[in-house]
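# Architecture and fold: a report
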Amino acid sequence: MTARPPTNRPPHADDRSGPPAPPEVPATFLPATPRQGRPAPEAPPASEAPPAPEPGGLPRLPGRTRAPVEEVPLPEADGAEERAQEAEPTPPAQPESVRPEPARPGPVQPEPPQPRRSSYNAPPTPRAPRPERGAEPEVQAEPEAETAPAPAPAITNGNNGNNGNNGTSHNSRGVRPAPPLDPGERARLLDGSYHDPHALLGAHPVRGGVVFRALRPYAREVAVTARGLRADLIDEGDGVFAGLLPLRDIPDYRLLVTYEDNEVEVHDPYRFLPALGDLDLHLVGEGRHEELWRALGAQPMTWQGVTGTRFTVWAPNARGVRVVGDFTYWDGTATPMRSLGGTGVWELFLPGVGEGALYKFEITRPDGTHTLRADPMARQTEAPPANASIVHSSHHTWRDEAWLIHRAGRAVHSSPLSIYELHLPSWRPGLTYRQLAEQLPAYVADLGFTHVELMPVAEHPFGGSWGYQVTGFYAPTARLGTPDDFKFLIDALHRAGIGVLVDWVPAHFPKDDWALAEFDGRTLYEHEDPARAAHPDWGTLEFDYGRKEVRNFLVANAVYWCEEFHIDGLRVDAVASMLYLDYSREPGEWSPNANGGRENLDAVAFLQEMNATVYRRCPGVVTVAEESTAWDGVTRATHHVGPSGFGGLGFGLKWNMGWMHDSLEYMAKEPVHRKYHHHEMTFSMVYAYSENYVLPISHDEVVHGKRSLAAKMPGDWWQQRANHRAYLGYMWAHPGKQLLFMGQEFAQGAEWSEGHGPDWWLLDPSYSAEPDHRGVRDLVRDLNHTYAATPALWQRDTEPEGFAWIDGEASEDNVFAFLRYDADGGPLLAVSNFSPVVRHEYRLGVPNGFTVWHEALNTDATRYGGSGVSNPDPLKAESVPSHGHRTSILPVLPPLATVWLRPV
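Keep in mind that this is a model prediction, so the values were computed, not measured.

This next bit is on the overall build of the chain. Within the chain one finds 17 helices and 36 strands. Across the 904 residues that make up the chain, the buried fraction comes to 59%. Across the chain, contacts joining residues at least 24 apart in sequence account for 76% of those joining residues at least 6 apart. Approximately 34300 Å² of the chain is accessible, and the part contributed by carbon and sulfur atoms is 52%.

Below, the structure is given as structure tokens:
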């Protein structure tokens, strides 16, 4: 790790313009806490100002004054050298590398901490040029075995009388040149193309002692310190410092690195064993690591008694990988990673690097070129457009135990589920996660929704989008705060009794050259066949679901959101594009599967594995498929084979896209024309129980020229609102769960805008039409509360016995009447009149045994903005057969309204 950037280093290709911010010096490069016998520098007088930075250069880093430590004799001091000299010829004189410590000035006033640089590609702050190095010392060939020095004793504390000041012991003959590196290995090490830098760097026993070697570009000197010993290593050029010390064992040592104007004492990263266990590597290699985020990425930890961060990344095609970050001034020369066998995983433990550090991986591609990449497993990122990864460790304390217990004990399919879908950054523009936690739970709970569906969540480049081009699959978007801030929001929703679903996008990813595309120089996360990799609609790349490591990356990601963030459900985007090889492709642009079909068998296997894993590990969590075709068995269990020969995909719920399109098409017609489209409202019941459905009026239906829900309706403003209310009443009574996008709950007339979000001003009492919009919102509140209190509307959503038509053929009247039943046979009668005509005494057959019915909800009520036509008195069943029932009632049907009737 370099403690200072070079002045002659050219800016990176991605360097940004503008004045650079001075980087903060991480703890790794600051002097360590003084040990016993080495007092801390005395503080200078308060009147002294911190030293000014050099013109155009870095601020002067805090210096240190060497203080005496207990004297420790080198092995030669006890006679080992004399015995060795008697057994071998006197070698040529070596360069003096261990010498008496020169006098140094007094303590240097430490400089106040500098702010962290905001991004990896800000240009490095220039500094004074590094002085020219002298010629490399001549490397003495290692003596033959018969002339090798006798084994040296271990380092012991004591006074050898070398300097008489009780300071660091010195001996001019204690450090000899290290055996030279193989030129090819040395070149690859310096170029970042070496697979095992730990074999070259660090400390290694050899014949004659222990070789210490460090790679510290821009350093003037590097010394080894251990239990009072200080031994200066020999500068071999190119930032390589090495030396052979006549030691019997490798001591617990540090590196004392001297730069132009300061020196720092650090742990050597290359003295640590791999911090990733064999079991983790085995599971990664098998593609079965269900907690992959604990094995890969940046993990703050204590390793071999030292605190730091373990960096790991999967890059099997790379010739070499180096960690770069603000702690290396974005120069990775000194921080190459090691390859851990055939798994393709690279690892490096960096002492002193902790939470908040910015980092990336510098990858040497197979062709020898270099690329800087964000960590695919990063759990925190910079806020876009900056894109560095951030070392993160969670400190959130969850307080939602009661919610999780409740969630695990209920079946989603037979429970009320009413979802409020919202775009987090624009719901209340400018609010952070923690500020949203103060407003969103109360608003949603007041309206009676049982769940929210949040979008976008995972990090993505363009803030004005739905967030479906993900670049940070394991990181909540930093636009609104930290991962712990996002947990705080989820916790607040849970404690308010609100479940949380998030949009999850395993279908594709963007081509940004700092993210997943050709991550290590070759196709890796994407399919190797270009025709299979490129998504024809969105300019993105499709995942290679047939590669076990890629499948593991996505399956573990689904588990990650559910376990680490207590997410209650995943709405999986664009499932249809995953399932079909010919999706949006013309003949000749795709190849059939091994069976000659158009199904993507790898994607099918992935979705089955993902669903099975999530349901096994996360009790009470539901997965929801946005799937727009007639694929058989989307919500069927994976082990149940259907007519098509496939096992089910294993989802819990599926968006009913057919119902949404058909019903909106019907509602967009003028009432006089609706009788010709009557079947579009009844057709959904032909297949209503083929899957477990959600009825979505989602974000996709209120943007890009499709108009808001209210604006889709025909007629004048009163009729538009009446149609809007009647449609919501019909939707809440129809079999299936409900989903409504923000802004539609108060009949917003404009399309959604990422810039200002919902038109909250419509609810301002000073606005003349405010009662109209507030009335619609009051209706949504009553729909949700009545729905939750009426088991007939949700208890048998997936059972055909829970539904029965009363009249589905009244096309001339634009009337739809049907019954919903709870588990005990208790009914609710829903009647929708989609004509602007009041229908008095409209006879409807009702089940026998229920003699009195009353109006439970009427969307034409005046408090909702309606005309007030209603059934104020109980309706008595008459012994007049109708619609296949022996008894019937005569309600009045309000214009453009839905009425719910329940027996008393």
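Here the narrative resumes.
Bridge analysis of strand β5 (residues 234-237) against strand β6 (residues 240-245) gives three bridges, and the strand direction is antiparallel. Along β6, the bridge assignment pairs I234 with A242. Hairpin remark: β5 followed by β6, antiparallel, with two residues in the connecting loop; positive phi at D238, about 60 degrees.

What follows concerns the pattern of salt bridges. Taken as a whole, this structure holds 42 salt bridges when the rule is applied. Salt-bridge contacts for D772 lead to R721; the nearest nitrogen and oxygen are separated by 3.6 Å. Remark: R721 occurs in helix α16 (residues 717-733) and D772 occurs in helix α17 (residues 770-788); sequence separation between them is 51 residues. Note on accessibility: D772 and R721 belong to one class, buried. A salt bridge links R774 to E770; the shortest N-O distance between them is 2.2 Å. A residue pair is termed a helical-turn pair when its members lie 3 or 4 positions apart in one helix, as R774 and E770 do in helix α17 at four residues.

Moving on to the packing of aromatic side chains. One pair of aromatic rings is described through two measures. These are the centre distance and the angle between the planes. Per the counting criterion, the structure on display carries 46 aromatic pairs. Geometrically, the ring pair formed by Y730 and F834 is edge-to-face, given 6.0 Å between the ring centres and 70 degrees between the ring planes. Taken as a pair, Y730 in helix α16 and F834 in the loop between β31 (827-833) and β32 (844-846) lie far apart in primary sequence, 104 residues in all. Given the relative accessible area of 1%, Y730 is considered buried. Plain terms: the ring middles of W761 and Y767 are 5.2 Å apart, the flat faces sit at 75 degrees to each other, and that makes the pair edge-to-face. Classification of W761 by relative accessible area gives partly exposed; the value is 48%.

Below, the discussion takes up the packing of helix α6 (residues 433-447) against helix α7 (residues 483-495). Running from N to C, α6 and α7 point in directions that differ by 10 degrees, and their axes come no closer than 8 Å. The orientation of α6 relative to α7 falls into the category roughly parallel. Contacts from Y433, R434, L436, A437, L440 and P441 of α6 reach α7 at D484, D485, F486, F488, L489, A492 and L493. Split by residue class, the contact of α6 with α7 holds 10 nonpolar, no polar and three charged.

Structurally, a disulfide amounts to a covalent bond that connects the sulfur atoms of two cysteines. Summed over the entire model, instances satisfying the criterion amount to zero disulfides. C562 forms no disulfide, and the closest cysteine sulfur to it belongs to C618, at a distance of 4.6 Å. For C562, a relative accessible area of 4% gives the class buried. Since its relative accessible area comes to 3%, C618 is described here as buried.

Before going further, it helps to examine the sheet that holds strand β12 (residues 338-339). Taking strand neighbours across the sheet as the criterion, the four strands line up as β9-β10-β13-β12 in an open arrangement whose pairing is antiparallel. Two strands lie at the open edges of the sheet, namely β9 (297-303) and β12, each paired on one side alone. Of the pairings in the sheet, the one linking β9 to strand β10 (residues 306-314) comprises seven bridges and is antiparallel in character. When the bridges of β10 are listed, T302 appears paired with T307.

Counting through the fold element by element, R410 comes out in the loop between α4 (401-408) and β17 (418-423). Along the backbone, R410 and G620 are 210 residues apart, and their C-alpha atoms lie at a distance of 6.9 Å. Residues contacting R410, with those up to four places away along its chain left out, are S415, P416 and H451.

For the rest of this paragraph, the subject is the packing of helix α12 (residues 657-667) against α16. Two elements in contact, α12 and α16, have axes whose closest approach is 12 Å; the angle formed by their N-to-C orientations is 150 degrees. Considering the angle they form, α12 stands roughly antiparallel to α16. When you trace α12 past α16, the crossing you get is right-handed. Contacts between α12 and α16 involve W659, S663, L664 and M667 from the former and N723, Y727, Y730 and M731 from the latter. Of the residues in the contact of α12 with α16, the class split is six nonpolar, two polar and no charged.

A separate point is the side chain of T898. Here T898 lies in strand β36 (residues 897-903). A relative accessible area of 1% places T898 in the buried class. There is a polar contact of 2.8 Å between the side chain of T898 and the side chain of S832. Setting aside anything within four residues of it in sequence, one finds T898 in contact with A726, G729, Y730, V831, S832, L857, N858 and T859.

Looking at the element boundaries, D568 is found in the loop between α9 (548-564) and β24 (569-572). Assessed through its relative accessible area of 2%, D568 is described here as buried. Among the polar contacts made by the side chain of D568, one reaches the side chain of R407 at a distance of 2.8 Å. In this structure the side chain of D568 is engaged in a polar contact, spanning 2.6 Å, whose partner is the side chain of H494. Leaving out residues up to four positions away in the same chain, D568 has contacts with W403, R407, H494, G499, V500, G620, V621 and V622.

What counts and how
One numbering rule holds for all chains: residues counted from 1, following each sequence as written. Local features in this predicted model are restricted to residues of pLDDT 70 or higher, and side-chain atom pairs are both shown and tallied only at a pLDDT of 80 or more, whereas totals for entire chains, interfaces and linings draw on every residue. To get the side-chain values, take all heavy atoms of the structure and skip hydrogens and water. Strands here are runs of E lasting at least two residues and helices are runs of H or I lasting at least four, both read from the DSSP assignment and numbered beginning at the N terminus. Summary of the burial criterion: residues with accessible area below 20% of their type's maximum are buried, those above 50% are exposed, and those between are partly exposed, where the area comes from a 1.4 Å probe applied to protein chains only. Whether two residues are in contact is decided by their heavy atoms: any pair within 4.5 Å suffices. Computed with a 1.4 Å probe, the accessible areas rest on the Shrake-Rupley method; for each residue, only the protein chains presented here act as cover. We treat two strands as partners when DSSP finds at least two bridges between them. Throughout this description, the term salt bridge denotes a Lys or Arg side-chain nitrogen within 4 Å of a carboxyl oxygen of Asp or Glu. Stacked, tilted and edge-to-face pairs are distinguished by plane angle, under 30 degrees for stacked and over 60 for edge-to-face with tilted covering the rest, among Phe, Tyr and Trp rings (Trp via its six-membered ring) whose centres lie within 6.5 Å. Only C-alpha atoms enter the line fits that serve as axes; for helices the fit covers just the stretch in contact. Angles between N-to-C directions range over 0 to 180 degrees. Orientation labels follow simple angle bins: below 35 degrees gives roughly parallel, above 145 gives roughly antiparallel, 65 to 115 gives roughly perpendicular, and whatever is left gives oblique. Lys, Arg, Asp and Glu make up the charged group, whereas Ala, Val, Leu, Ile, Met, Phe, Trp, Tyr, Cys and Pro make up the nonpolar group; the residues left over, Gly among them, are polar. The disulfide criterion is simple: two cysteine sulfur atoms within 2.5 Å. Two helices cross in a left-handed way if the nearer one is turned anticlockwise from the farther one by less than a right angle. They cross in a right-handed way if the turn is clockwise. A 3.5 Å cut-off defines polar contacts: any pair of N or O atoms within that distance qualifies, except that in protein one atom must be a possible hydrogen donor and the other a possible acceptor, and neighbouring residues in sequence count only when both atoms are side-chain atoms.

Taken by themselves, the reported measurements are silent on function.
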